[in-house]
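Per-entry structural report
What follows is each chain in one-letter form.
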Amino acid sequence: MAGVSKCLKYSMFVFNFLFWVCGCVILGVSIYLRVSKDAQQELNIEGSGMLSAIDVMIAVGSIIMVLGFFGCCGAIRESRCLLILFFIGLLLILALQVTAGILGVVYKPKIEENINGTLKNLIPLTDQPKSFQNALETIQKDSKCCGIVHGRSDWGSSVPSSCSCVQLQEPSLCTSGYYKQTCSSAIVEYFKNHLVIIIGIAFGLAAVELFGLGFSMTLYCQIGKK
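Figured I'd write up the structure that's included with this text. (Residues numbered from 1 in each chain as written. Predicted model: local features only at pLDDT ≥ 70, side-chain atom pairs only at ≥ 80, totals over all residues. Heavy atoms only, no water.)

**Examining the state of the cysteines**
- In total, this model carries 3 disulfides according to the counting rule given.
- Here Cys-146 connects covalently by a disulfide to Cys-163, the sulfurs 2.1 Å from one another. One quick way to see it: the torsion about the S-S bond of Cys-146 and Cys-163 is about 90°, and its sign makes the bridge right-handed. Here Cys-146, found in the loop between helix H6 (130–143) and strand S1 (174–175), pairs with Cys-163, found in the loop between H6 and S1; they are 17 residues apart in sequence, far enough to count as distant. In terms of burial, Cys-146 and Cys-163 fall into one category: buried.
- Across the disulfide from Cys-165 sits Cys-174; the S-S distance is 1.9 Å. (Disulfide = S-S within 2.5 Å. Helix = DSSP H or I, 4+ residues; strand = E, 2+ residues; numbered from the N terminus. Buried < 20%, exposed > 50% of the residue type's maximum accessible area, 1.4 Å probe, protein only.)

The following block contains the structure:
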C-alpha cells in the first residue's frame, strides 16, 4: 500500500500552524479591544457599532483557531476524522467568503444611494456627537469640501473654520468664502475604496483556503490508501 507523503504531511502541518497562529492573533487583539476601555477610548470605538464588529472578529478568531488545531493534529496524527472536520469547516468558511464577495460586487452600485440616504438623516450636523463633527471636519480639510448634502447650510448657524477657503487662491472651489463642494462624494469614494479592499481580501483568502482544501483532501486520501 502507498504511504503518506512526508512532504505533504509536514506542509499541511505548517500551513495549519500558521492558520492557527493567525486565529490566535485575531482572537487576542479582538478580546483586548473588547475589554480594554483605554483602547476603546483611544480608537474612538467605545459605545459605537464597532463593538459588534469586534464581537464578530472574536468569533472568527475562535473558529480559525479550532480549524487550525484540527488541521495540525490531523496532519501529524494522520487522523482522517480530524482532516475531514478541517475540510468541512474550511469549505463552509470559503463558501461564506465567496458569497460575501459576490454580494459586495453586486451591491456596490447601490452604495452611493444608500449612503446619501443615511447622510441626510444626520442634518443638522451640530446635533451630532462631537467625535463625529471632528471626523467630518478632518474630511473637510483634506477633501476641501463643506457639509455632506447641501453644503455649509448643513451646519446651521455654526459653520466651522474647516469649511472656509480663500476665494482668490481657490476660485474654482470657493463660493462666498466657503467650499462649494459637499463631502458626500468624498465619503462615498471612501466606502467604495474600502469595499474594494474587503473584496480583494475575501478572494485572496479564498485562494489560500483552496490550497488548504487541496492539502487536506490529498492527505486524507493518502491515509486511506495506507
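Now that the structure is up, let's keep going.
**Here's the deal with the packing of aromatic side chains**
- Counted under the stated rule, the structure contains 6 aromatic pairs.
- Measuring from centroid to centroid gives 6.2 Å for Phe-15 and Phe-19, while their planes differ by 10°, and the two rings are stacked. Here the residue Phe-15 and the residue Phe-19 both occupy positions in helix H1 (residues 6–35), the gap between them amounting to 4 residues, near one helical turn.
- The interplanar angle of 85° and the centroid separation of 6.5 Å between the aromatic rings of Phe-19 and Phe-86 together place this pair among those described as edge-to-face. One end of the pair, Phe-19, is in helix H1; the other, Phe-86, is in helix H4 (residues 80–107), and 67 residues separate them in sequence.
- Residue classification places Phe-19 among the buried residues on the basis of a relative accessible area of 14%.
- Residue Phe-86 is classed as buried on the basis of its relative accessible area, which comes to 0%.
- Put simply, the rings of Phe-15, Phe-19, Phe-86 and Phe-215 touch in pairs and so form one group of aromatic residues.
- In this structure, Arg-80 packs its charged tip against the face of Tyr-220, placed 3.9 Å from the ring centre. (Phe/Tyr/Trp six-rings, centres within 6.5 Å; stacked < 30°, edge-to-face > 60°. Lys NZ or Arg CZ within 6 Å of the ring centre and 35° of its normal.)

No statement about biological role is implied by the geometric values presented.
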